[in-house]
There are 4 protein chains.
Amino acid sequence: MFDKFREECGVFAIFGHSEAANLANLGIHALQHRGQESAGIAASDGTDVYCHKGMGHVADVFTPSAINSLPGRMAIGHTRYSTAGDTALLNAQPFCVTTNKGRIALAHNGNITNAMEVRRQLESEGAIFNASSDTEVVLHLISRSREKTLSAALRDALLQLEGAFSLVLISTRQLIVARDPHGFRPMAMGVLQVDPPAYVFASETCAFDLINASYLGEVEPGEMIIVDDDGMRRERYAPRRQKSQCVFEHVYFSRPDSIVFGRPVQKSREMMGRLLARQRATEADVVVPVPDSGVAAALGYAAEAGIPFRMGLIRNHYVGRTFIEPTQAIRDFGVKLKLNPVRHLLEGKRVVLVDDSIVRGTTSRKIVRMVRGAGAKQVHVRISCPPTISPCFYGVDTPKKEELIASRQSIESIREFLEADSLEYLSLEALAQAVQDERNEYCYACYTGSYPTDLVSVEDLVTAKLRR
Amino acid sequence: MFDKFREECGVFAIFGHSEAANLANLGIHALQHRGQESAGIAASDGTDVYCHKGMGHVADVFTPSAINSLPGRMAIGHTRYSTAGDTALLNAQPFCVTTNKGRIALAHNGNITNAMEVRRQLESEGAIFNASSDTEVVLHLISRSREKTLSAALRDALLQLEGAFSLVLISTRQLIVARDPHGFRPMAMGVLQVDPPAYVFASETCAFDLINASYLGEVEPGEMIIVDDDGMRRERYAPRRQKSQCVFEHVYFSRPDSIVFGRPVQKSREMMGRLLARQRATEADVVVPVPDSGVAAALGYAAEAGIPFRMGLIRNHYVGRTFIEPTQAIRDFGVKLKLNPVRHLLEGKRVVLVDDSIVRGTTSRKIVRMVRGAGAKQVHVRISCPPTISPCFYGVDTPKKEELIASRQSIESIREFLEADSLEYLSLEALAQAVQDERNEYCYACYTGSYPTDLVSVEDLVTAKLRR
Amino acid sequence: MFDKFREECGVFAIFGHSEAANLANLGIHALQHRGQESAGIAASDGTDVYCHKGMGHVADVFTPSAINSLPGRMAIGHTRYSTAGDTALLNAQPFCVTTNKGRIALAHNGNITNAMEVRRQLESEGAIFNASSDTEVVLHLISRSREKTLSAALRDALLQLEGAFSLVLISTRQLIVARDPHGFRPMAMGVLQVDPPAYVFASETCAFDLINASYLGEVEPGEMIIVDDDGMRRERYAPRRQKSQCVFEHVYFSRPDSIVFGRPVQKSREMMGRLLARQRATEADVVVPVPDSGVAAALGYAAEAGIPFRMGLIRNHYVGRTFIEPTQAIRDFGVKLKLNPVRHLLEGKRVVLVDDSIVRGTTSRKIVRMVRGAGAKQVHVRISCPPTISPCFYGVDTPKKEELIASRQSIESIREFLEADSLEYLSLEALAQAVQDERNEYCYACYTGSYPTDLVSVEDLVTAKLRR
Amino acid sequence: MFDKFREECGVFAIFGHSEAANLANLGIHALQHRGQESAGIAASDGTDVYCHKGMGHVADVFTPSAINSLPGRMAIGHTRYSTAGDTALLNAQPFCVTTNKGRIALAHNGNITNAMEVRRQLESEGAIFNASSDTEVVLHLISRSREKTLSAALRDALLQLEGAFSLVLISTRQLIVARDPHGFRPMAMGVLQVDPPAYVFASETCAFDLINASYLGEVEPGEMIIVDDDGMRRERYAPRRQKSQCVFEHVYFSRPDSIVFGRPVQKSREMMGRLLARQRATEADVVVPVPDSGVAAALGYAAEAGIPFRMGLIRNHYVGRTFIEPTQAIRDFGVKLKLNPVRHLLEGKRVVLVDDSIVRGTTSRKIVRMVRGAGAKQVHVRISCPPTISPCFYGVDTPKKEELIASRQSIESIREFLEADSLEYLSLEALAQAVQDERNEYCYACYTGSYPTDLVSVEDLVTAKLRR
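Residues numbered from 1 in each chain as written. Chains lettered and ligands numbered in written order. Predicted model: local features only at pLDDT ≥ 70, side-chain atom pairs only at ≥ 80, totals over all residues.

A. Expanded view of the overall build of chain A. The helix and strand tally for chain A stands at 19 helices and 25 strands. The C-alpha radius of gyration computed for chain A amounts to 23 Å, which stays within 12% of the reference 23 Å derived for 468 residues, consistent with globular compactness. Expressed along its principal axes, the backbone C-alpha trace of chain A runs to roughly 70 × 50 × 45 Å. Here chain A holds 468 residues, and the buried ones make up 59% of them. Partitioning the contacts of chain A with sequence separation of at least 6, the portion at a separation of at least 24 is 72%. (Helix = DSSP H or I, 4+ residues; strand = E, 2+ residues; numbered from the N terminus. Rg over C-alpha atoms; globule rule 2.2 N^0.38 Å. Buried ≥ 20, exposed ≤ 12 C-beta atoms within 10 Å, placed from the backbone. Contact = placed C-beta atoms within 7 Å.)

Below, the structure is given as structure tokens:
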């Protein structure tokens, strides 16, 4: 409903716990914000690999009886953003297959940029594909590898892939976790104090908090971690490369209570707000966030600028698929279902409105109008990142370049479109400072258009996105 | 899941719009926070009165085809908190019946304190009851009235009732809205600019905002408003009495973006926070609200005390019926499903934790532990209302007196139970000041135990509550 | 889908068994053919009366958890044919209410012909009605009775009613079963050998067979049977009148394995077929029933006529709500979804086609065409009852008089409409002989138009039918 | 619920009709008796291949919106018997995949006896498998074929397979239908008179009858039929071999109104009954079928023996998943939910009870008891096929050999187990005569234990069956 970039997945894994599937269930519930369209868990009891997945929220897909159908001491879980319909279930993860390395299940967060190329090669060799997801390619490569062990075969496979992937995989014997050499997408590692300790992995640490696991650190880019009854082993499967961690995780995707890429998200956001305030002084009466994602930056902005922070927009968290707009159309109906202004906080005020990003600009315009309609004298829009000018090919759902308002319009003309009194984006330098990127370890491609990997073919990538 | 008092209902009504049922649908969606267990709408096209209701959220009960089954230019809607099961549907509102005054549908928010007594009388006269709700009593009294017109019969009925009711009723010809003489529960009046204007009524004004209606003011206690094709008439059906508006609407129930009893809720809450800060000076590093309801008071507190406000607890808005706690129990599991602390905001800090109320104290203790577990050095609990010592009989779901921790323990022993470093409640005087109650027009019975109406029989009331 | 008269209800009752609700569940499953749109069970454990009902088949409405919500040693059950939608659930039986005689639940099969008149009187006295069903009238009359005991109050109520009713009622203490003085609708009595014996009642004895109960005989017209912890008492509540048992129960409604009005249904049907064969000699090669209802009569016909019986039409028992006819319309699509001819049994044959009734004639014509399309040389239609010329007002769903083809056309013109080579109906005398009605104890109103009771107002009855 | 062999699938295909998916929907509805657990349809509009499948009956899986999601002029459909759960959906057909021959969808009826062996080979070459079904093997072989065209690749694939398969396949351009060289499972061909004519294929001709298609004949064993915009071509892909048509299709599986292997099923069944009567003269009063499958043979038996045929057992066609047996167990509960005896037809009678087969014998015993419990003086069981002594590996769900009562007991001891007065099976010779098998073109392996193909490994086959 809101015009935002969308994360495509959340992943979770656990090894060594008698209630592995239920903990995976809780883990992906904590990661629900990373994907609401399908959910899945695969588990193994050493004999077989079991899988349950379905369309919808974690709490709807995983009834107690579904969890009971997933025995064993290891499990992986996945939440996914995707398009509707039956085909979507086909693409739901984890993927569970039988190979010459045995039964395996795999889930990943990211996007393999050369998936179409590899797939064409595999098809020419006779491989068949059930879904349109890039995940299936990894499974084929594992199966075709001449290596005897699963971990060696996975290494073989991963070295043929380009792009972004934080993946978790179980066989009947092992849990393997791996991250692409650039480390685009996050993957945290933790431990649960049972005897012997159970290892857990998740896209964000908020999944650890819910199950009382402790955060140990990040899975390193180019690293593969193997957990089995012999314990946990970390190994580097690919040479060290320049890190390219997705900065948008800190700007918008991740929950503020998570640690991502080793850094608390809330801290980054507050700093974005502070630097935004320093960047341009603004005479105003109140700082108002677009909830919920704009809150942390707005608090930082208000503190730095010395302007009172107010919750001038209230979000309705009840959602509904089927609201029909009355024929005598209600102005900004879609936004109104979600947000409502608090008139007496806005009336007669000069408002600094803090949001995390502008994609097409249409929703932002409606919010500016809504604030002004509630009596605001001035509306100054402040965005806690630079103008978004390029699509992402590393696991984020973004519209085409031409739909991104900042890719074709100047800031002044965006301001005009938004009907705002002023508009300020956080500078690229300030964003890097906010995430403490002294060593240039983040990816800013959506703001710069300069991608950290060679992209085989943009047509392929766009096609792949359309089919996903 | 949270240990809170619960509002029992939200009501909405509209007369004079070609899409009456759909607007009622949107109206009760905006009032969803007042009751999530069942939803219902009745509409009339002048020929018959149609009704659709179901268990669950508004968006699930009202599919487009359900709305299409509700023709006509007037409608009333209702959301309800109630217990589960099939019987619950029987108690869902509106109630639609055939009487000697024709087909009527009625919905109300409140609790008729002499309902059991009236019901026993009606039963002795041969009346039969389908549900356990007090609403049915009103319908019987209307039907038995010797008065010829519906409005006169309703007046007849209302004069026999005691307690709290803000009710809406439609026949095939009229919409009637009435409020009890004390005005316990809110009922706002608004207008939608079509030609001729459509009148709308709602428990809170946030329902008007969503449909672009303008707020005209409150329906007065003891007032009855009749809307039909001849226009709108206001009349007093009962003598003027001392107002007893539920102060807890401002403390917790209502949305902060609503105007309730003529006053913006957000304004009251911010003032509660400010007065709480003035009441006792506290050395602290951060002010943290228990979200979402504690945010406005915490902002007021932080501003007044000059201590930074931080979102140190993050709420997960995804809900699920079926989460099973792992057998190796997770500490504070239930609360953790909903709240997660932001460690780096709390670690090493002296925290002022602002919440709106303490009922049994069990949840509050878990939250205090959670904050301390995230590294807080001190936790100072601040409650934006006085200690809750008495149950409510005016339409609020409260536990029995003995379950209210403040009814049997001193503040110091509550503090000890909560494991808090200090505990401060807002004083009654300060609460009255926060809602600007110069004329003593609010009900504070849950804080004082002094009820503004004679209660026939507490046993009856408790029984009635149990059966509801 | 088929053009038939439809039974409106099946009822079941049991007293004195620890699994009363589950046996009621099985009982109404066996009576499912008497009504497929809603199902309900009420039970009592001596403390309260519990009720569960829903739209759909018994097996869908009564999950194990629903049955578990119905404790106690007595229960009544009901299956109902009705129209779709939410309102329909409102009319689903049993009705469970609170009265001055305590909590009671009531279910009935039949139609109270003066219900509208009584209802108008009750409304004028201030009674309110939730549903449009005639059942509610009975409950009001019970409640208004000055009698102290439930059974006396029920007697009071029944004496004010006219028409057809076989009803079952439970309070927290008793089960009462009653039948109207004419005995329009069946009600059998049985016993289940536990200690002490459990009494059971059902519209048809097939419900007894499933639960291993023994058939004891019929509840007599004008009789009331009271079962409680003191045992079972039979009493006559109304003077003896001429019996008017619905002959159509034997023609079509009841299952052939049931005993109805003390007589095996299968026996009647076989006799109808034999008498039909005697009535008019027909040269033919095969006798083919329209399954399933025409089978028994066809067997009788074939045996009597000495013509081979063949299952020349096969019925598809899988049903579906949503089949869409292709736009290049398929001839007789609706009938084809249910019936298919066996070509090699029909090809070149002179076929006697035996069915139980013709209502509008449209379906019959399609079946004749289908048989001829499969190669039959001649199609001789034989109907095992007289021409249906009048609607029923005693609990059967029939179209209006003018829609009954036999009410406005001669037999010859019906034959022409059906495109049959010949058409023969069973004579009224033969029908009476088939059910062994020597004492004129059956109702033949749908064949004669002469109703055994005074009908207050046909307009009322038609209105009542439309609203049901 | 009944102890029968179970057919595993029904298939349907159509090429050249604007409503292909809807006609496939109707076609598989007519084949619903061949598999009730899942249903699926794939269609192509020349651009892509679309697929929808789900658990449950055709009418539940295929809503109008599901059918609308399947555009194009060709479609294939499938109904399947399988075990419950999520995994089952994975095995639901058609399988839709992307290969180097493009997008294809495949459905089949049968069982590939060397599937495990081929699969192991494919796995060793790196192929991955999503499901446990043998169908996936065919898709892999197609994809790995060096042949350029789809039909040539399919030929390649089929020549590597052993066992039973009647398969339908669509690409974006063609429909291909093929049958194994032995012709175990049926596959009829028909035509629908549109311009140009649409070709249709189905497991049984009853699917043609519903959509007004004409029967053209059988797809020949070892034949492949290709339909595309250039018309219809038949070609032999494998050398001529001895036919092995499943005789059990005529004994039990197929609908009596179908033509299967070119012969009307009803005709075979009537003949089985006649030959059974000739085989052993029995003094009896009535012939009673176990409905519905025993009806045709019982009619033949009765006609031949000159004993009256009676429907002495009535079947309840309403089904339910959730019936719980009362704890005071009801004798023969499971059978009673489905069958009820007609006492007055059986009481005091010597009964010939005709059924089509005995598998474990447990259900048959219950039915014999039920008939005797209804008063039968003697019960003579007559089975319209020989004793079943061996499991089937050609697409039929059968229990293990040791569970087949006839594999380990003499006829006399089976009779004793059944508590029957006499027991007679149709002889193998008579069965062959009933289906007019002069040229020995039927498979009788379940009666003889002599399988018409080499079976690679019975362990593999049993494993495969267990996983299916």
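B. Representation of the relation of the copies chain A and chain B. Mapping chain A onto chain B calls for a rotation angle of 180 degrees and an axial translation of 0.0 Å; the resulting RMSD is 0.1 Å. Both chain copies can therefore be described as sitting about a two-fold axis. Nearest to the rotation axis, the C-alpha of His317 of chain A is located 3.5 Å from it, this being the minimum over chain A. Same-surface contact between copies: 100% of interface residues of chain A are shared with the interface of chain B. (Least-squares fit on C-alpha atoms with pLDDT ≥ 70 in both.)

C. Spotlight on the confidence of the model for chain A. Here chain A averages 93 in pLDDT, while 95% of its residues score no lower than 70. For this predicted complex, the interface confidence comes out at an ipTM of 0.93, alongside a pTM of 0.91. (pLDDT = per-residue confidence, 0-100.)

D. Broad picture of the sheet that holds strand S22 (residues 378-383) of chain A. Residue and element names in this part refer to chain A. A sheet is described by the order of its strands in space; here four strands give the open sequence S18-S21-S22-S24, paired in parallel fashion. Two strands lie at the open edges of the sheet, namely strand S18 (286-289) and strand S24 (422-425), each paired on one side alone. Neighbour-to-neighbour, the strand axes of the sheet open up by a mean angle of 20 degrees, direction not taken into account. Looking at chain direction, S22 and S24 are connected through four bridges and run parallel. When the sheet's bridge partners are listed, His380 is paired in S24 with Ser422. Relative to the sheet, helix H11 (residues 295-305) contacts S18, strand S21 (350-355) and S22, its axis offset from that of S18 by approximately 165 degrees. Sheet strands in contact with helix H14 (residues 362-373) are S21 and S22, and its direction is about 145 degrees off that of S22. (Pairing = 2+ DSSP bridges. Axes fitted to C-alpha atoms, helices over the stretch in contact; angles between N-to-C directions.)

E. Looking closely at the interface of chain D and chain A. Across the boundary between the two partners, chain D contributes 17 residues, which contact 17 residues of chain A. The set of elements that each furnish at least two residues to the side of chain D that touches chain A consists of strand S6 (95-99), helix H5 (115-124) and helix H6 (135-144) of chain D. Among the elements that make up the side of chain D that touches chain A, the one with the highest residue count is H6 of chain D (four residues). Here the residues of the side of chain D that touches chain A sort into five nonpolar, nine polar and three charged. (Nonpolar A, V, L, I, M, F, W, Y, C, P; charged D, E, K, R; others polar.)

F. Structural view of the pairing of strand S21 (residues 350-355) of chain D. Residues and elements named next belong to chain D. Burial analysis of S21 places five of its six residues in the buried class, the great majority of the element. Here four bridges tie strand S18 (residues 286-289) to S21, and the two strands are oriented parallel to one another. Directly across from Pro289, in S21, lies its bridge partner Val354. The sheet contact formed by S21 and strand S22 (residues 378-383) spans six bridges and is parallel.

G. Main features of the interface of chain A and chain B. Contact residues are listed per partner, giving 53 residues for chain A and 54 residues for chain B. If you list the elements that add at least two residues to the side of chain A that touches chain B, you get helix H1 (20-30), helix H2 (58-61), helix H3 (64-68), helix H8 (206-210), helix H10 (265-279), H11, strand S20 (339-341) and helix H13 (343-346) of chain A. For the side of chain A that touches chain B, the leading source of residues is H1 of chain A, giving five residues.

H. Just the relation of the copies chain D and chain A, in detail. By a simple turn and slide, chain D fits onto chain A: the slide is 0.0 Å along the axis, the RMSD is 0.1 Å, and the turn is 180 degrees. When you check the interface residues of chain D against chain A, 100% turn up at the interface there too, and the contact is symmetric in its surfaces.

I. Broad picture of the domain arrangement of chain A. Residue and element names in this part refer to chain A. If you check the domain split of chain A, you get domain 1 (6-244) and domain 2 (260-317 + 329-444). Its C-alpha centre places domain 1 at a distance of 34 Å from the equivalent point of domain 2. Taken together, the contacts link 18 residues of domain 1 with eleven residues of domain 2. Where the side of domain 1 that touches domain 2 is concerned, the elements lending two or more residues are strand S1 (6-7), strand S7 (102-112), strand S8 (163-170) and strand S12 (214-218). (Domains from an automatic or database assignment.)

J. Inspection of the sheet that holds S7 of chain A at higher detail. Residues and elements named next belong to chain A. In space, the six strands of this open sheet follow the order S6-S7-S8-S9-S13-S14, with antiparallel pairing throughout. Where the open sheet ends on each side, the last strands, each with one partner, are strand S6 (95-99) and strand S14 (231-236). Averaged over neighbouring strand pairs, the angle between their axes works out to 20 degrees when direction is ignored. In this structure, strand S9 (residues 175-179) lies alongside strand S13 (residues 223-228), joined through four bridges in antiparallel fashion. Paired with Ala178 across the strands is Met224, a residue of S13. Contacts from helix H6 (residues 135-144) reach S6 and S7, with the element oriented near 20 degrees to S6. Helix-sheet contacts for helix H7 (residues 150-158) involve S8, S9 and S13, and the interaxial angle to S9 is about 20 degrees.

K. Molecular detail of helix H10 (residues 265-279) of chain B. Helix length check: H10 of chain B (15 residues) gives 21 Å between terminal C-alpha atoms against 21 Å at 1.5 Å per residue, within 8%. A large share of H10 of chain B lies buried, amounting to 13 of its 15 residues. (Expected span 1.5 Å × (residues − 1).)

L. Broad picture of the arrangement of the chains. Contact between chain A and chain C is absent, and the least distance between their C-alpha atoms amounts to 15 Å. Nowhere do chain B and chain D come into contact; their C-alpha atoms are at least 16 Å apart.

M. Molecular detail of helix H5 (residues 115-124) of chain A. Residue and element names in this part refer to chain A. Taken together, the buried positions of H5 are Ala115, Val118, Arg119 and Leu122. Seen along its axis, H5 keeps its buried residues to an arc of 100 degrees; they face one direction. Turned more than 90 degrees off the buried face of H5, the exposed positions are Arg120 and Ser124. Gly126 sits one or two positions beyond H5 and adopts a positive phi of about 100 degrees. (Arc of directions from axis to C-beta.)

N. A look at the packing of H6 of chain D against helix H7 (residues 150-158) of chain D. All names here are of chain D. The contact between H6 and H7 brings their axes to 8 Å, and the two run at 125 degrees. Considering the angle they form, H6 stands oblique to H7. Once H6 is placed against H7, the crossing between them reads as right-handed. Between H6 and H7, the contacting residues are Val138, Leu141 and Ile142 on the first element and Ala153, Leu154, Asp156 and Ala157 on the second. Its residues assigned to classes, the contact of H6 with H7 shows six nonpolar, no polar and one charged. (Parallel < 35°, antiparallel > 145°, perpendicular 65-115°, else oblique. Left-handed = near helix turned anticlockwise from the far one by under 90°.)

O. Up close: the environment of Lys101 of chain C. Residues and elements named next belong to chain C. Tracing the backbone shows Lys101 in the loop between strand S6 (95-99) and strand S7 (102-112). It is 8.7 Å that separates the C-alpha atoms of Lys101 and Ala153, two residues lying 52 residues apart in sequence. What Lys101 contacts, discounting residues up to four positions off in sequence, is Ile142, Ser143, Leu150, Ala153 and Ser171.

P. Layout of unusual backbone geometry. Look at the link from Pro291 of chain A to Asp292 of chain A: it is a cis peptide, with omega at -10 degrees. Mapped onto the elements of the fold, Asp292 of chain A is located in the loop between S18 and H11. Cis peptide bonds are those with omega within 30 degrees of zero, and the linkage from Asp195 of chain D to Pro196 of chain D qualifies with -5 degrees. Relative to the assigned elements, Pro196 of chain D resides in the loop between strand S10 (188-192) and strand S11 (198-202). Its identity as a non-glycine residue notwithstanding, Asn440 of chain A has a phi of 55 degrees, on the positive side. Along the chain, Asn440 of chain A falls in the loop between helix H17 (428-434) and strand S25 (442-443).

Q. Focus on the environment of Asp3 of chain B. Residue and element names in this part refer to chain B. By secondary structure assignment, the location of Asp3 is in the segment before strand S1 (6-7). On the basis of neighbour counts, which here come to 19 C-beta atoms within 10 Å, the residue Asp3 falls in the partly exposed class. With 13 residues separating them in the primary sequence, Asp3 and Gly16 have C-alpha atoms 41 Å apart. Contact partners of Asp3, with chain neighbours within four places excluded, come to Val359, Arg360, Thr362 and Thr363.

R. Just the pairing of S8 of chain A, in detail. All names here are of chain A. Most of S8 is tucked away, with eight of its eight residues classed as buried. Note that S8 and S9 share five bridges and pair antiparallel. Among the inter-strand pairings, Leu167 is bridged to a residue of S9, identified as Ala178. A loop of four residues connects S8 with S9, the two strands running antiparallel in sequence.

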